[in-house]
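The chain contents come next:
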Amino acid sequence: MKFDVFGLPIANPSSSFTDEEKKIDSKFYNRKLKSTLVSIEKIDVDDNGHYDAHNKRITNIAPAVEKSDAIDLSTLRSNIKSSHLEIERLEKQINDKINAIVKFDRNGNYDMMFKKLQNVAEPVNDSDAVVLKTVRTVEKKLMDLINKIPCGPPGRGYKTTADGNFDLMEKRLTNMAHPLDDFDAVNLWTLNFYIAAIRGKAQRNIDDVYNKLHQSIIDLSRNLNQSTDGLKTQIDTIEKKRVNLDKLLERQINERQQATRNPEIHILNRD
């Protein structure tokens, strides 16, 4: 007997069932129908034999046993979590092994922990690591070039003091390069250059102060002249008032004198 995708037996019209088979089929269908209280939708099968669930969920999946078995979402999440934990464990083991060999600083540079880096190829680019053989070869070529440079007569050398300082014995130290670092010796040209720069800056500051002071004096003189002109005007006004008061006072004195000498005339003038 054959069954469909729902587990129901498929009837074969070309064959006849016995009474016993009919009883078994009837009991099987009745049990299936009683246990299936929800409607069952049709599941299509494509040409390749794959099932189409029509965007419906497949629930109550049993735990997978074979590699080809379907799994539920909980099992998938559990496996993913376990995979992440395993990856983190492996990364820690790898990092521990790397740190045991090479360390990195905060800037990402390698710390070889005073261990040698062997079997390095010859450098090709400017940023390649240099092997000791290359350094010795370059050192030898440089020394050969230095030895070919013609030298002058041998000097007398430097005299040192008791505390280890050099004593030039009042001799000049010539052909000095320009200083670059804070503790380099300074030649006369550099000293004069900085002195000229300081003098120039000081002169500019002096000129600026002189111009400001000169302008302040001009403004003060202008304000003083204006104040003087106003004061002169006030003095002239006061002088005019004083002259008028003197004239009025003199007139009153004359009138009093006349009134004393000629009372009659004074009374008539008052009337």
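In this text the structure is predicted, and so the values were computed from the model without any measurement.

### Notes on the overall build of the protein
The number of helices and strands found in the protein is 5 helices and 8 strands. The secondary structure elements of the protein, listed N-terminal to C-terminal, are β-β-α-β-β-α-β-β-α-β-β-α-α. Burial status across the protein gives 3% buried among its 271 residues. A separation threshold of at least 6 residues defines the contact pool for the protein, and within that pool the share at least 24 residues apart is 11%. Total accessible area on the protein is roughly 26400 Å²; 56% of this is exposed by carbon and sulfur atoms.

### A word on a negative patch on the surface
A surface patch of like charges, here negative, comprises Asp 44, Asp 46, Asp 47 and Asp 52. Following the sequence through the fold, Asp 44 ends up in strand β3 (residues 44-45).

### Structural notes on the side chain of Thr 190
Its place among the elements puts Thr 190 in helix α4 (residues 188-261). For Thr 190, the side chain forms a polar contact with the side chain of His 178, separated by 3.5 Å.

### Considering the pattern of salt bridges
Under the counting rule described, the total for this entry stands at 6 salt bridges. Among the ionic pairs, Asp 144 bridges to Lys 140, the shortest N-O distance being 3.4 Å. With Asp 144 and Lys 140 both in helix α3 (residues 132-148) and 4 residues apart, the pair spans about one turn of that helix. Across the salt bridge formed by Glu 239 and Arg 242, the nearest N and O atoms sit 2.3 Å from each other.

### Focus on the side chain of Asn 187
As for its position among the elements, Asn 187 is in the loop between β8 (166-167) and α4. Judged by relative accessible area, Asn 187 falls into the buried class, the value being 12%. Of note is the side chain of Asn 187, whose polar atom sits 2.6 Å from the side chain of Thr 190.

### Remarks on the packing of aromatic side chains
For the coordinates displayed, the defined rule picks out 2 aromatic pairs. Centroid distance Trp 189 to Phe 193: 5.4 Å. Interplanar angle 10 degrees. Geometry classified as stacked. Of this pair, Trp 189 and Phe 193 both sit in helix α4, separated by 4 residues, roughly a single helical turn. Taking the relative accessible area as the measure of exposure, Phe 193 reaches 46% and is therefore partly exposed. Between the aromatic rings of Phe 193 and Tyr 194, the centroid separation amounts to 5.6 Å while the plane-to-plane angle is 85 degrees, which identifies the pairing as edge-to-face. Clustering of aromatic rings is evident, with ring pairs tying together Trp 189, Phe 193 and Tyr 194.

### Focus on the UniProt feature "coiled-coil region" (unreviewed entry) in the protein
The sites that UniProt annotates as "coiled-coil region" (unreviewed entry) are residues 73-107 and 235-262. Annotated as residues 235-262, this span is 96% helix and 0% strand, and its ends, taken at the C-alpha atoms, are 40 Å apart.

### Examining unusual backbone geometry
With phi around 60 degrees, Glu 170 is a residue other than glycine that occupies positive phi space. Within the secondary structure, Glu 170 is located in the loop between β8 and α4. Within the chain, Asn 175 stands out as a residue other than glycine whose phi angle is a positive 55 degrees. Assignment of secondary structure puts Asn 175 in the loop between β8 and α4. With a relative accessible area of 81%, Asn 175 lands in the exposed category.

### Side note on a nonpolar patch on the surface
The grouping of Leu 90, Ile 94, Ile 98, Phe 104 and Tyr 110 at the surface amounts to a nonpolar patch, some 510 Å² of accessible area in total. Looking at the nonpolar patch element by element, the count peaks at 3 residues for helix α2 (residues 73-101). Looking at where Phe 104 falls in the secondary structure, it is placed in strand β5 (residues 103-104). Given the relative accessible area of 44%, Phe 104 is considered partly exposed.

### Points about the confidence of the model for the protein
Averaged over the protein, the pLDDT score is 77; the fraction of residues at 70 or greater is 76%. Within the protein, strand β1 (residues 2-3) has the poorest average pLDDT of any element, 46, and α3 the best, 87. Here residues 1-8 scores under 50 on pLDDT; set against residues more than four positions off or in separate chains, the count is 22 contacts. Here residues 33-38 scores under 50 on pLDDT; set against residues more than four positions off or in separate chains, the count is 0 contacts.

Cut-offs applied
- Residues numbered from 1 in each chain as written.
- Predicted model: local features only at pLDDT ≥ 70, side-chain atom pairs only at ≥ 80, totals over all residues.
- Heavy atoms only, no water.
- Helix = DSSP H or I, 4+ residues; strand = E, 2+ residues; numbered from the N terminus.
- Buried < 20%, exposed > 50% of the residue type's maximum accessible area, 1.4 Å probe, protein only.
- Contact = heavy atoms within 4.5 Å.
- Areas by Shrake-Rupley, 256 points an atom, 1.4 Å probe, with all protein chains shown as cover.
- Patch = residues over 30% accessible without salt bridge, like charges linked within 9 Å, V, L, I, M, F, W, Y side chains within 5 Å.
- Salt bridge = Lys/Arg side-chain N within 4 Å of Asp/Glu carboxyl O.
- Lys, Arg positive; Asp, Glu negative; His and termini not counted.
- Charge placed at Lys NZ, Arg CZ, Asp CG, Glu CD.
- Polar contact = N/O pair within 3.5 Å; in protein donor to acceptor, adjacent residues only side chain to side chain.
- Phe/Tyr/Trp six-rings, centres within 6.5 Å; stacked < 30°, edge-to-face > 60°.
- UniProt positions renumbered as here; feature names shortened; annotations may be inferred.
- pLDDT = per-residue confidence, 0-100.

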